[in-house]
Amino acid sequence: MTDALALTWRQYRLERKMFWRNPSAAFFNFVLPLLFLALFGTIFSGSQKDLDIIVPGIAGMSIMTTTFVALAMNMVFLREQGVLKRLRGTPLPSGAYLGGLGLHAVTNTFIQLSIVIGAGALFFGVDLPDRWPELAVFVAAGVFCFAALGVALSHAIPNFDSAPAYVNAIFLPVIVISGVFYDADNAPAFLRDIAQALPLTHLIDGLSGAMVTGATFADNLSDLAIVLIWAAVGAVLAVRGFSWEARRG
Amino acid sequence: MDTHAPAILVRDLRKSYGDVHAVRGLDFEVQRGEVFGLLGPNGAGKTTTVEILEGYRERSGGIVSVLGYDPGGRPRALRERVGIVLQSSGTYRHLSVRELVAHWAGLYPAPRDIDEVIELAGLRESEHVRARKLSGGQARRLDFALALVGDPELVFLDEPTTGFDPAARRAAWETVRALADLGKTVLLTTHYLDEAQALCDRVAILKSGRILAVGAPAQLGVGASSRYRVSWRDESGELETRETADPTALLHQLTSAALARGVGLEDLSVGRPSLEDVYLELTTEAAPERSDEPDEEPAR
(Lines give C-alpha, C1' and ligand atoms only; values in the text may rest on other atoms or scores of the structure.)
Protein backbone atom coordinates (compact mmCIF):
# COMPACT_ATOMS: atom_id res chain seq x y z
CA MET A 1 0.00 0.00 0.00
CA THR A 2 2.70 2.49 0.98
CA ASP A 3 4.50 1.39 -2.17
CA ALA A 4 1.46 2.17 -4.31
CA LEU A 5 1.15 5.56 -2.63
CA ALA A 6 4.83 6.27 -3.23
CA LEU A 7 4.43 5.37 -6.90
CA THR A 8 1.34 7.56 -7.16
CA TRP A 9 3.37 10.42 -5.73
CA ARG A 10 6.23 9.74 -8.16
CA GLN A 11 3.83 9.77 -11.09
CA TYR A 12 2.29 13.00 -9.82
CA ARG A 13 5.72 14.65 -9.53
CA LEU A 14 6.59 13.52 -13.02
CA GLU A 15 3.34 14.90 -14.45
CA ARG A 16 4.00 18.26 -12.75
CA LYS A 17 7.53 18.38 -14.09
CA MET A 18 6.41 17.57 -17.64
CA PHE A 19 3.58 20.10 -17.43
CA TRP A 20 5.97 22.95 -16.70
CA ARG A 21 8.46 21.64 -19.25
CA ASN A 22 6.02 22.68 -21.93
CA PRO A 23 5.49 26.30 -20.84
CA SER A 24 3.41 27.44 -23.78
CA ALA A 25 0.92 24.61 -23.25
CA ALA A 26 0.80 25.41 -19.53
CA PHE A 27 0.29 29.09 -20.26
CA PHE A 28 -2.60 28.65 -22.65
CA ASN A 29 -4.14 26.07 -20.38
CA PHE A 30 -4.51 28.77 -17.73
CA VAL A 31 -5.00 31.75 -19.95
CA LEU A 32 -8.10 30.68 -21.88
CA PRO A 33 -10.56 30.89 -18.97
CA LEU A 34 -8.92 34.16 -17.89
CA LEU A 35 -9.37 35.55 -21.37
CA PHE A 36 -13.06 34.67 -21.25
CA LEU A 37 -13.32 36.16 -17.78
CA ALA A 38 -11.69 39.40 -18.96
CA LEU A 39 -13.87 39.65 -22.08
CA PHE A 40 -17.21 38.92 -20.46
CA GLY A 41 -16.24 40.78 -17.32
CA THR A 42 -15.68 43.88 -19.46
CA ILE A 43 -18.92 43.39 -21.38
CA PHE A 44 -20.91 42.97 -18.16
CA SER A 45 -18.91 45.51 -16.18
CA GLY A 46 -21.97 47.67 -15.53
CA SER A 47 -24.02 44.92 -13.98
CA GLN A 48 -22.98 43.21 -10.75
CA LYS A 49 -25.77 40.68 -11.30
CA ASP A 50 -24.19 39.53 -14.56
CA LEU A 51 -20.72 39.51 -13.04
CA ASP A 52 -22.02 37.30 -10.24
CA ILE A 53 -23.07 34.83 -12.91
CA ILE A 54 -19.96 34.94 -15.07
CA VAL A 55 -17.42 34.29 -12.30
CA PRO A 56 -18.89 30.98 -11.06
CA GLY A 57 -19.58 30.12 -14.71
CA ILE A 58 -15.95 30.57 -15.70
CA ALA A 59 -14.94 28.67 -12.55
CA GLY A 60 -17.07 25.73 -13.69
CA MET A 61 -15.63 25.95 -17.19
CA SER A 62 -12.11 25.94 -15.71
CA ILE A 63 -12.82 22.67 -13.96
CA MET A 64 -13.91 21.23 -17.29
CA THR A 65 -10.78 22.42 -19.15
CA THR A 66 -8.30 21.24 -16.52
CA THR A 67 -9.88 17.80 -16.26
CA PHE A 68 -12.15 16.82 -19.14
CA VAL A 69 -10.35 18.58 -22.00
CA ALA A 70 -6.82 18.00 -20.69
CA LEU A 71 -7.31 14.31 -19.88
CA ALA A 72 -9.15 13.41 -23.09
CA MET A 73 -6.42 14.96 -25.23
CA ASN A 74 -3.58 13.62 -23.10
CA MET A 75 -4.86 10.05 -22.93
CA VAL A 76 -5.35 9.87 -26.68
CA PHE A 77 -1.85 11.22 -27.24
CA LEU A 78 -0.20 8.84 -24.78
CA ARG A 79 -2.11 5.89 -26.16
CA GLU A 80 -1.25 6.69 -29.76
CA GLN A 81 2.42 7.28 -28.89
CA GLY A 82 2.61 3.90 -27.19
CA VAL A 83 3.50 5.37 -23.80
CA LEU A 84 0.57 3.65 -22.12
CA LYS A 85 1.54 0.29 -23.58
CA ARG A 86 5.10 0.74 -22.40
CA LEU A 87 3.96 1.63 -18.88
CA ARG A 88 1.68 -1.41 -18.91
CA GLY A 89 4.77 -3.62 -19.16
CA THR A 90 6.35 -2.18 -16.01
CA PRO A 91 5.44 -3.03 -12.41
CA LEU A 92 3.66 0.34 -12.06
CA PRO A 93 0.12 -0.45 -10.77
CA SER A 94 -2.66 1.03 -12.93
CA GLY A 95 -4.19 2.66 -9.86
CA ALA A 96 -0.95 4.45 -9.02
CA TYR A 97 -0.67 5.71 -12.57
CA LEU A 98 -4.24 6.99 -12.79
CA GLY A 99 -3.97 8.37 -9.26
CA GLY A 100 -0.93 10.40 -10.27
CA LEU A 101 -2.75 11.75 -13.32
CA GLY A 102 -5.78 12.59 -11.19
CA LEU A 103 -3.73 14.48 -8.57
CA HIS A 104 -2.10 16.40 -11.38
CA ALA A 105 -5.52 17.45 -12.70
CA VAL A 106 -6.61 18.43 -9.19
CA THR A 107 -3.55 20.64 -8.79
CA ASN A 108 -4.22 22.38 -12.09
CA THR A 109 -7.83 22.90 -11.11
CA PHE A 110 -6.77 24.36 -7.78
CA ILE A 111 -4.38 26.82 -9.46
CA GLN A 112 -6.96 27.74 -12.06
CA LEU A 113 -9.78 28.32 -9.58
CA SER A 114 -7.53 30.42 -7.37
CA ILE A 115 -6.76 32.64 -10.35
CA VAL A 116 -10.40 32.91 -11.46
CA ILE A 117 -11.79 33.57 -7.97
CA GLY A 118 -8.95 35.99 -7.19
CA ALA A 119 -9.45 37.88 -10.44
CA GLY A 120 -13.22 37.96 -9.88
CA ALA A 121 -12.77 39.53 -6.45
CA LEU A 122 -9.99 41.88 -7.52
CA PHE A 123 -11.34 43.23 -10.80
CA PHE A 124 -15.05 42.55 -10.86
CA GLY A 125 -16.13 43.09 -7.30
CA VAL A 126 -17.42 39.55 -6.81
CA ASP A 127 -17.18 38.65 -3.13
CA LEU A 128 -14.77 35.92 -2.10
CA PRO A 129 -16.63 32.65 -1.52
CA ASP A 130 -18.30 32.58 1.87
CA ARG A 131 -19.09 28.89 2.01
CA TRP A 132 -15.76 27.11 1.63
CA PRO A 133 -16.91 23.59 2.59
CA GLU A 134 -19.63 23.72 -0.08
CA LEU A 135 -17.12 25.07 -2.56
CA ALA A 136 -14.65 22.28 -1.78
CA VAL A 137 -17.29 19.56 -2.09
CA PHE A 138 -18.59 20.83 -5.42
CA VAL A 139 -15.09 21.30 -6.82
CA ALA A 140 -14.15 17.77 -5.76
CA ALA A 141 -17.31 16.31 -7.30
CA GLY A 142 -16.75 18.33 -10.47
CA VAL A 143 -13.13 17.26 -10.79
CA PHE A 144 -14.01 13.61 -10.34
CA CYS A 145 -16.96 13.83 -12.73
CA PHE A 146 -15.15 15.59 -15.55
CA ALA A 147 -11.93 13.65 -15.13
CA ALA A 148 -13.85 10.39 -15.50
CA LEU A 149 -15.83 11.71 -18.47
CA GLY A 150 -12.60 12.93 -20.11
CA VAL A 151 -10.97 9.51 -19.82
CA ALA A 152 -14.20 7.90 -21.05
CA LEU A 153 -14.29 10.21 -24.07
CA SER A 154 -10.67 9.38 -24.92
CA HIS A 155 -11.78 5.80 -25.68
CA ALA A 156 -14.16 7.04 -28.34
CA ILE A 157 -11.53 9.15 -30.11
CA PRO A 158 -9.83 7.09 -32.83
CA ASN A 159 -6.56 9.02 -33.11
CA PHE A 160 -4.81 12.15 -31.96
CA ASP A 161 -5.42 14.10 -35.17
CA SER A 162 -9.14 13.98 -34.57
CA ALA A 163 -8.94 14.59 -30.80
CA PRO A 164 -9.41 18.42 -30.87
CA ALA A 165 -12.48 18.03 -33.09
CA TYR A 166 -14.09 15.48 -30.77
CA VAL A 167 -13.26 17.41 -27.61
CA ASN A 168 -14.43 20.79 -28.93
CA ALA A 169 -17.60 19.33 -30.40
CA ILE A 170 -18.58 18.50 -26.83
CA PHE A 171 -16.84 21.19 -24.81
CA LEU A 172 -18.01 24.28 -26.74
CA PRO A 173 -21.76 23.49 -26.90
CA VAL A 174 -21.71 22.33 -23.27
CA ILE A 175 -20.20 25.54 -21.92
CA VAL A 176 -22.67 27.65 -23.90
CA ILE A 177 -25.76 25.60 -23.02
CA SER A 178 -24.79 25.14 -19.37
CA GLY A 179 -24.84 28.88 -18.75
CA VAL A 180 -21.19 29.71 -18.33
CA PHE A 181 -21.78 33.10 -19.96
CA TYR A 182 -25.36 33.88 -19.00
CA ASP A 183 -28.02 32.80 -16.58
CA ALA A 184 -29.23 29.47 -17.98
CA ASP A 185 -32.72 30.24 -16.61
CA ASN A 186 -33.10 32.92 -19.28
CA ALA A 187 -32.52 30.53 -22.18
CA PRO A 188 -35.33 29.16 -24.38
CA ALA A 189 -37.17 26.25 -22.82
CA PHE A 190 -35.68 23.47 -24.95
CA LEU A 191 -32.13 24.63 -24.22
CA ARG A 192 -33.03 24.90 -20.57
CA ASP A 193 -34.19 21.29 -20.61
CA ILE A 194 -30.95 20.14 -22.19
CA ALA A 195 -28.99 22.22 -19.70
CA GLN A 196 -30.83 20.58 -16.81
CA ALA A 197 -29.50 17.21 -17.95
CA LEU A 198 -25.86 18.33 -18.19
CA PRO A 199 -23.47 18.11 -15.24
CA LEU A 200 -21.81 21.48 -15.86
CA THR A 201 -25.07 23.35 -15.29
CA HIS A 202 -25.41 21.79 -11.86
CA LEU A 203 -21.76 22.21 -11.03
CA ILE A 204 -22.07 25.93 -11.81
CA ASP A 205 -25.24 26.15 -9.70
CA GLY A 206 -23.34 24.58 -6.83
CA LEU A 207 -20.33 26.84 -7.28
CA SER A 208 -22.60 29.85 -7.55
CA GLY A 209 -24.27 28.86 -4.32
CA ALA A 210 -20.96 28.54 -2.51
CA MET A 211 -19.40 31.64 -4.05
CA VAL A 212 -22.20 34.15 -4.52
CA THR A 213 -25.66 33.36 -3.25
CA GLY A 214 -24.58 31.66 -0.04
CA ALA A 215 -26.84 28.68 -0.64
CA THR A 216 -26.25 25.71 1.64
CA PHE A 217 -25.88 22.02 0.84
CA ALA A 218 -29.58 21.56 1.47
CA ASP A 219 -30.37 24.05 -1.30
CA ASN A 220 -28.08 22.40 -3.84
CA LEU A 221 -28.40 18.75 -2.94
CA SER A 222 -30.09 17.82 -6.23
CA ASP A 223 -27.31 19.60 -8.14
CA LEU A 224 -24.70 17.57 -6.28
CA ALA A 225 -26.65 14.38 -6.93
CA ILE A 226 -26.75 14.98 -10.69
CA VAL A 227 -23.02 15.74 -10.84
CA LEU A 228 -22.34 12.51 -8.92
CA ILE A 229 -24.58 10.47 -11.22
CA TRP A 230 -22.59 11.73 -14.22
CA ALA A 231 -19.41 10.97 -12.29
CA ALA A 232 -20.52 7.38 -11.72
CA VAL A 233 -21.45 6.91 -15.37
CA GLY A 234 -18.13 8.46 -16.44
CA ALA A 235 -16.15 6.26 -14.07
CA VAL A 236 -17.79 3.08 -15.36
CA LEU A 237 -17.21 4.05 -18.99
CA ALA A 238 -13.65 5.16 -18.24
CA VAL A 239 -12.72 1.84 -16.61
CA ARG A 240 -14.73 -0.39 -18.96
CA GLY A 241 -13.39 1.02 -22.19
CA PHE A 242 -9.84 1.55 -21.01
CA SER A 243 -7.35 0.63 -23.68
CA TRP A 244 -3.61 0.72 -23.24
CA GLU A 245 -2.93 0.40 -26.91
CA ALA A 246 -3.62 2.42 -30.01
CA ARG A 247 -5.94 0.90 -32.55
CA ARG A 248 -3.66 0.16 -35.45
CA GLY A 249 -4.31 0.26 -39.13
CA MET B 1 13.34 -21.27 -6.79
CA ASP B 2 14.16 -23.96 -9.30
CA THR B 3 16.86 -22.48 -11.47
CA HIS B 4 16.92 -25.48 -13.77
CA ALA B 5 13.37 -24.96 -14.94
CA PRO B 6 13.25 -23.25 -18.32
CA ALA B 7 12.77 -19.47 -18.31
CA ILE B 8 9.95 -19.84 -20.81
CA LEU B 9 7.84 -22.88 -21.46
CA VAL B 10 5.22 -22.93 -24.22
CA ARG B 11 2.96 -25.91 -24.90
CA ASP B 12 0.41 -26.03 -27.70
CA LEU B 13 -0.05 -22.26 -27.62
CA ARG B 14 -2.97 -21.08 -29.70
CA LYS B 15 -4.39 -17.66 -30.48
CA SER B 16 -7.36 -16.87 -32.66
CA TYR B 17 -9.02 -13.59 -33.53
CA GLY B 18 -12.51 -14.70 -34.45
CA ASP B 19 -11.94 -17.41 -37.02
CA VAL B 20 -8.48 -16.11 -37.93
CA HIS B 21 -5.82 -18.35 -36.41
CA ALA B 22 -2.70 -16.31 -35.76
CA VAL B 23 -0.91 -18.94 -33.67
CA ARG B 24 -1.72 -22.61 -34.21
CA GLY B 25 -0.12 -24.76 -31.59
CA LEU B 26 3.42 -23.70 -30.68
CA ASP B 27 5.76 -25.73 -28.50
CA PHE B 28 9.10 -24.41 -27.37
CA GLU B 29 11.27 -23.80 -24.36
CA VAL B 30 13.82 -21.13 -23.60
CA GLN B 31 16.50 -22.08 -21.11
CA ARG B 32 17.85 -19.65 -18.55
CA GLY B 33 20.72 -17.63 -19.95
CA GLU B 34 19.80 -18.49 -23.50
CA VAL B 35 19.29 -16.08 -26.40
CA PHE B 36 16.35 -17.52 -28.28
CA GLY B 37 15.05 -16.17 -31.58
CA LEU B 38 11.64 -16.34 -33.20
CA LEU B 39 12.36 -15.94 -36.88
CA GLY B 40 9.78 -15.61 -39.58
CA PRO B 41 8.20 -13.42 -42.22
CA ASN B 42 5.69 -10.71 -41.36
CA GLY B 43 2.42 -12.21 -40.22
CA ALA B 44 4.01 -15.45 -39.01
CA GLY B 45 2.69 -14.90 -35.48
CA LYS B 46 5.92 -13.71 -33.85
CA THR B 47 4.54 -10.57 -32.24
CA THR B 48 1.33 -12.29 -31.17
CA THR B 49 3.40 -14.98 -29.44
CA VAL B 50 5.70 -12.52 -27.71
CA GLU B 51 2.83 -10.30 -26.60
CA ILE B 52 1.11 -13.30 -25.03
CA LEU B 53 4.33 -14.06 -23.13
CA GLU B 54 4.60 -10.40 -22.10
CA GLY B 55 1.03 -10.41 -20.78
CA TYR B 56 -0.38 -7.98 -23.34
CA ARG B 57 -2.67 -10.51 -24.98
CA GLU B 58 -4.71 -13.42 -23.76
CA ARG B 59 -4.13 -16.79 -25.34
CA SER B 60 -6.93 -18.85 -26.81
CA GLY B 61 -5.42 -22.14 -25.67
CA GLY B 62 -2.34 -23.96 -24.46
CA ILE B 63 0.03 -23.62 -21.52
CA VAL B 64 2.49 -20.79 -21.03
CA SER B 65 4.93 -20.29 -18.19
CA VAL B 66 7.31 -17.34 -17.91
CA LEU B 67 9.80 -17.51 -15.01
CA GLY B 68 7.32 -19.88 -13.40
CA TYR B 69 4.36 -17.49 -13.71
CA ASP B 70 1.33 -17.49 -15.97
CA PRO B 71 1.69 -14.14 -17.78
CA GLY B 72 -2.07 -14.10 -18.48
CA GLY B 73 -2.84 -12.58 -15.09
CA ARG B 74 -0.01 -10.04 -15.41
CA PRO B 75 1.32 -10.73 -11.90
CA ARG B 76 3.34 -7.81 -10.64
CA ALA B 77 6.10 -10.11 -9.38
CA LEU B 78 6.62 -11.20 -12.98
CA ARG B 79 6.60 -7.65 -14.36
CA GLU B 80 9.33 -6.78 -11.86
CA ARG B 81 11.61 -9.44 -13.33
CA VAL B 82 10.99 -8.90 -17.03
CA GLY B 83 12.17 -6.18 -19.41
CA ILE B 84 10.24 -5.43 -22.58
CA VAL B 85 11.36 -3.72 -25.77
CA LEU B 86 8.22 -3.33 -27.86
CA GLN B 87 8.21 -3.13 -31.64
CA SER B 88 7.46 0.55 -31.40
CA SER B 89 6.57 2.66 -28.44
CA GLY B 90 6.99 6.30 -27.62
CA THR B 91 7.86 7.85 -24.34
CA TYR B 92 7.47 11.12 -22.49
CA ARG B 93 8.78 13.63 -25.00
CA HIS B 94 9.74 16.45 -22.69
CA LEU B 95 12.02 14.48 -20.39
CA SER B 96 15.71 13.82 -20.92
CA VAL B 97 17.19 10.37 -21.35
CA ARG B 98 18.61 10.47 -17.86
CA GLU B 99 15.37 11.62 -16.27
CA LEU B 100 13.46 8.85 -18.02
CA VAL B 101 15.91 6.15 -16.98
CA ALA B 102 15.85 7.46 -13.41
CA HIS B 103 12.04 7.50 -13.33
CA TRP B 104 11.80 3.99 -14.73
CA ALA B 105 14.36 2.80 -12.17
CA GLY B 106 11.97 3.94 -9.47
CA LEU B 107 9.27 1.57 -10.73
CA TYR B 108 11.34 -1.54 -9.89
CA PRO B 109 12.28 -3.00 -6.52
CA ALA B 110 16.00 -3.53 -7.27
CA PRO B 111 17.03 -1.38 -10.21
CA ARG B 112 20.44 -1.28 -11.82
CA ASP B 113 22.71 1.70 -11.46
CA ILE B 114 21.46 4.47 -13.75
CA ASP B 115 24.90 5.40 -15.10
CA GLU B 116 25.68 1.77 -15.80
CA VAL B 117 22.47 1.37 -17.81
CA ILE B 118 23.08 4.56 -19.78
CA GLU B 119 26.57 3.28 -20.55
CA LEU B 120 25.35 -0.18 -21.51
CA ALA B 121 22.74 1.24 -23.89
CA GLY B 122 25.32 3.55 -25.47
CA LEU B 123 23.53 6.76 -24.44
CA ARG B 124 26.34 8.50 -22.59
CA GLU B 125 26.56 11.38 -25.09
CA SER B 126 22.82 11.93 -25.27
CA GLU B 127 21.89 11.50 -21.61
CA HIS B 128 20.78 15.12 -21.29
CA VAL B 129 18.93 15.22 -24.59
CA ARG B 130 15.15 15.35 -24.40
CA ALA B 131 13.38 12.31 -25.80
CA ARG B 132 11.64 14.23 -28.58
CA LYS B 133 15.01 15.24 -30.03
CA LEU B 134 16.50 11.74 -30.19
CA SER B 135 17.25 10.11 -33.54
CA GLY B 136 15.61 6.80 -34.41
CA GLY B 137 18.68 4.84 -33.35
CA GLN B 138 19.04 6.75 -30.09
CA ALA B 139 15.34 6.29 -29.33
CA ARG B 140 15.83 2.54 -29.74
CA ARG B 141 18.76 2.65 -27.33
CA LEU B 142 16.49 4.42 -24.90
CA ASP B 143 13.99 1.56 -25.33
CA PHE B 144 16.77 -0.83 -24.35
CA ALA B 145 17.79 1.33 -21.39
CA LEU B 146 14.22 1.51 -20.04
CA ALA B 147 13.80 -2.25 -20.44
CA LEU B 148 17.09 -2.98 -18.65
CA VAL B 149 17.02 -0.53 -15.77
CA GLY B 150 14.87 -2.83 -13.63
CA ASP B 151 17.64 -5.45 -13.85
CA PRO B 152 15.33 -8.06 -15.43
CA GLU B 153 16.17 -11.75 -15.59
CA LEU B 154 14.38 -12.06 -18.89
CA VAL B 155 14.31 -9.54 -21.74
CA PHE B 156 11.85 -9.53 -24.63
CA LEU B 157 13.02 -7.80 -27.81
CA ASP B 158 10.39 -7.49 -30.53
CA GLU B 159 12.19 -6.75 -33.81
CA PRO B 160 14.86 -4.73 -32.03
CA THR B 161 16.66 -3.46 -35.13
CA THR B 162 13.96 -3.09 -37.78
CA GLY B 163 14.60 0.05 -39.79
CA PHE B 164 18.14 0.53 -38.49
CA ASP B 165 21.19 1.53 -40.50
CA PRO B 166 24.07 -1.00 -40.32
CA ALA B 167 26.00 0.92 -37.65
CA ALA B 168 22.97 1.18 -35.38
CA ARG B 169 22.25 -2.52 -35.86
CA ARG B 170 25.78 -3.44 -34.83
CA ALA B 171 25.43 -1.28 -31.73
CA ALA B 172 22.15 -2.97 -30.83
CA TRP B 173 23.74 -6.37 -31.33
CA GLU B 174 26.52 -5.41 -28.96
CA THR B 175 23.92 -4.56 -26.35
CA VAL B 176 22.19 -7.92 -26.79
CA ARG B 177 25.53 -9.71 -26.46
CA ALA B 178 26.27 -7.72 -23.34
CA LEU B 179 22.93 -8.92 -21.94
CA ALA B 180 23.85 -12.50 -22.73
CA ASP B 181 27.20 -11.99 -21.01
CA LEU B 182 25.35 -10.78 -17.92
CA GLY B 183 23.53 -14.12 -17.89
CA LYS B 184 20.16 -12.71 -18.92
CA THR B 185 17.66 -14.76 -20.85
CA VAL B 186 16.66 -13.08 -24.11
CA LEU B 187 13.72 -13.82 -26.36
CA LEU B 188 13.89 -11.84 -29.58
CA THR B 189 11.86 -11.78 -32.75
CA THR B 190 13.34 -10.82 -36.07
CA HIS B 191 12.86 -11.23 -39.75
CA TYR B 192 16.57 -10.70 -40.35
CA LEU B 193 18.44 -13.95 -40.79
CA ASP B 194 21.85 -12.48 -40.15
CA GLU B 195 20.53 -11.11 -36.89
CA ALA B 196 19.27 -14.50 -35.76
CA GLN B 197 22.54 -16.05 -36.85
CA ALA B 198 24.67 -13.44 -35.10
CA LEU B 199 22.82 -13.35 -31.79
CA CYS B 200 20.81 -16.45 -31.08
CA ASP B 201 21.85 -19.65 -29.36
CA ARG B 202 18.75 -21.26 -30.80
CA VAL B 203 16.17 -20.21 -33.34
CA ALA B 204 12.60 -21.26 -34.05
CA ILE B 205 11.47 -20.62 -37.60
CA LEU B 206 7.82 -19.59 -37.69
CA LYS B 207 5.40 -19.45 -40.53
CA SER B 208 1.63 -19.00 -40.47
CA GLY B 209 1.48 -19.56 -36.73
CA ARG B 210 3.46 -22.81 -36.72
CA ILE B 211 7.06 -23.69 -35.92
CA LEU B 212 8.78 -25.22 -38.93
CA ALA B 213 12.16 -25.91 -37.34
CA VAL B 214 14.00 -25.31 -34.05
CA GLY B 215 17.69 -25.50 -33.36
CA ALA B 216 21.04 -23.74 -33.23
CA PRO B 217 21.47 -21.58 -36.35
CA ALA B 218 24.51 -23.54 -37.53
CA GLN B 219 22.83 -26.90 -37.05
CA LEU B 220 19.68 -25.81 -38.78
CA GLY B 221 21.80 -24.96 -41.77
CA VAL B 222 23.36 -28.40 -41.97
CA GLY B 223 20.39 -30.47 -40.99
CA ALA B 224 17.63 -29.32 -43.24
CA SER B 225 19.49 -28.73 -46.44
CA SER B 226 22.50 -30.59 -47.68
CA ARG B 227 23.42 -28.48 -50.67
CA TYR B 228 26.79 -26.76 -50.65
CA ARG B 229 27.41 -23.89 -52.98
CA VAL B 230 30.71 -23.92 -54.89
CA SER B 231 31.65 -21.03 -57.12
CA TRP B 232 34.71 -20.17 -59.19
CA ARG B 233 35.73 -18.21 -62.29
CA ASP B 234 36.08 -20.25 -65.47
CA GLU B 235 38.58 -19.69 -68.33
CA SER B 236 36.43 -17.02 -69.97
CA GLY B 237 36.23 -15.13 -66.69
CA GLU B 238 32.56 -15.96 -66.03
CA LEU B 239 31.59 -16.63 -62.46
CA GLU B 240 30.19 -20.15 -62.23
CA THR B 241 28.12 -21.39 -59.31
CA ARG B 242 27.03 -24.93 -58.70
CA GLU B 243 25.08 -26.52 -55.87
CA THR B 244 26.06 -29.96 -54.77
CA ALA B 245 25.43 -32.44 -52.01
CA ASP B 246 28.99 -33.73 -52.38
CA PRO B 247 31.41 -30.81 -52.45
CA THR B 248 34.47 -33.08 -52.09
CA ALA B 249 34.01 -34.75 -55.45
CA LEU B 250 33.23 -31.51 -57.23
CA LEU B 251 36.25 -29.76 -55.75
CA HIS B 252 38.51 -32.66 -56.70
CA GLN B 253 37.21 -32.51 -60.25
CA LEU B 254 37.68 -28.76 -60.48
CA THR B 255 41.11 -28.57 -58.94
CA SER B 256 42.57 -31.49 -60.86
CA ALA B 257 41.31 -30.02 -64.14
CA ALA B 258 42.85 -26.66 -63.27
CA LEU B 259 46.16 -28.26 -62.26
CA ALA B 260 46.23 -30.26 -65.50
CA ARG B 261 45.84 -27.04 -67.47
CA GLY B 262 48.40 -25.32 -65.29
CA VAL B 263 46.09 -22.46 -64.33
CA GLY B 264 44.69 -21.29 -60.99
CA LEU B 265 41.04 -21.28 -59.96
CA GLU B 266 40.13 -17.65 -59.43
CA ASP B 267 37.59 -16.67 -56.78
CA LEU B 268 37.05 -20.25 -55.63
CA SER B 269 34.68 -20.46 -52.69
CA VAL B 270 32.67 -23.14 -50.94
CA GLY B 271 29.56 -22.03 -49.08
CA ARG B 272 27.90 -24.07 -46.42
CA PRO B 273 24.12 -23.84 -46.56
CA SER B 274 23.27 -20.80 -44.49
CA LEU B 275 20.31 -20.24 -42.25
CA GLU B 276 19.00 -18.12 -45.07
CA ASP B 277 18.85 -21.10 -47.40
CA VAL B 278 16.99 -23.15 -44.84
CA TYR B 279 14.70 -20.29 -44.08
CA LEU B 280 13.85 -19.65 -47.70
CA GLU B 281 13.42 -23.34 -48.35
CA LEU B 282 11.07 -23.72 -45.39
CA THR B 283 9.09 -20.54 -45.73
CA THR B 284 8.56 -20.53 -49.48
CA GLU B 285 7.90 -24.18 -50.20
CA ALA B 286 4.14 -23.73 -50.02
CA ALA B 287 2.27 -21.20 -52.10
CA PRO B 288 2.34 -17.83 -50.34
CA GLU B 289 -0.44 -17.76 -47.83
CA ARG B 290 -2.25 -14.66 -46.86
CA SER B 291 -1.15 -13.13 -43.60
CA ASP B 292 -2.97 -14.66 -40.71
CA GLU B 293 -1.86 -12.05 -38.25
CA PRO B 294 -4.42 -9.30 -38.40
CA ASP B 295 -3.31 -5.70 -38.30
CA GLU B 296 -6.06 -4.82 -35.97
CA GLU B 297 -6.02 -6.65 -32.71
CA PRO B 298 -8.13 -6.00 -29.71
CA ALA B 299 -5.78 -4.94 -26.97
CA ARG B 300 -6.30 -5.62 -23.34
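Residues numbered from 1 in each chain as written. Chains lettered and ligands numbered in written order. Predicted model: local features only at pLDDT ≥ 70, side-chain atom pairs only at ≥ 80, totals over all residues.

Participant: Sorry if this is basic, but what is going on with the environment of His155 of chain A here?
Facilitator: Residue and element names in this part refer to chain A. When you line up the elements, His155 lands in helix α6 (residues 132–156). For His155, a count of 17 C-beta atoms within 10 Å gives the class partly exposed. Residues His155 and Gly82 lie 73 residues apart in sequence; the distance between their C-alpha atoms is 15 Å. Among all residues touching His155, those that are not within four sequence positions of it are Gly241, Phe242 and Ser243. (Helix = DSSP H or I, 4+ residues; strand = E, 2+ residues; numbered from the N terminus. Buried ≥ 20, exposed ≤ 12 C-beta atoms within 10 Å, placed from the backbone. Contact = placed C-beta atoms within 7 Å.)

Participant: Just to check I follow, could you spell out the packing of helix α9 (residues 199–213) of chain A against helix α10 (residues 217–240) of chain A for this structure?
Facilitator: To characterise two packed helices, one gives the angle between the axes of the helices and the distance between these axes. Residue and element names in this part refer to chain A. Where α9 meets α10, the axes come as close as 8 Å, and the angle between the chain directions of the two elements is 140 degrees. Taken together, the axes of α9 and α10 are oblique relative to one another. For α9 against α10, the interelement crossing comes out left-handed. For the pair α9 and α10, the contacting residues are Pro199, His202, Leu203, Asp205, Gly206 and Gly209 in the first and Asp219, Asn220, Asp223, Leu224, Ile226, Val227 and Trp230 in the second. Taken together, the residues of the contact of α9 with α10 break down into 6 nonpolar, 4 polar and 3 charged. (Axes fitted to C-alpha atoms, helices over the stretch in contact; angles between N-to-C directions. Parallel < 35°, antiparallel > 145°, perpendicular 65-115°, else oblique. Left-handed = near helix turned anticlockwise from the far one by under 90°. Nonpolar A, V, L, I, M, F, W, Y, C, P; charged D, E, K, R; others polar.)

Participant: Where do I start with the environment of Ile63 of chain A in this structure?
Facilitator: Residues and elements named next belong to chain A. Note on placement: Ile63 falls in helix α3 (residues 48–81). Residue classification places Ile63 among the buried residues on the basis of 28 C-beta atoms within 10 Å. A sequence separation of 122 residues divides Ile63 from Asp185, and the C-alpha atoms of the two residues are 21 Å apart.

Participant: Sorry if this is basic, but what is going on with the sheet that holds strand β3 (residues 35–39) of chain B here?
Facilitator: By definition, the strands of a sheet pair up through backbone hydrogen bonds, in either a parallel or an antiparallel sense. All names here are of chain B. If you trace the 6 strands from one edge of the open sheet to the other, you get β5-β6-β7-β3-β8-β9, paired in mixed fashion. Looking along the sheet, the strands with just one partner apiece sit at the ends: β5 (82–85) and β9 (210–215). Strand-to-strand twist in this sheet, taken as the mean axis angle between neighbours without regard to direction, amounts to 15 degrees. One ladder, built from 5 bridges, connects strand β8 (residues 202–207) with β9; its direction is antiparallel. Across the sheet, the residue bridging to Val203 is Gly215, located in β9. Against the sheet, helix α6 (residues 166–181) contacts β3, β6 (154–158) and β7 (185–190), and its axis sits at roughly 150 degrees relative to β7. (Pairing = 2+ DSSP bridges.)

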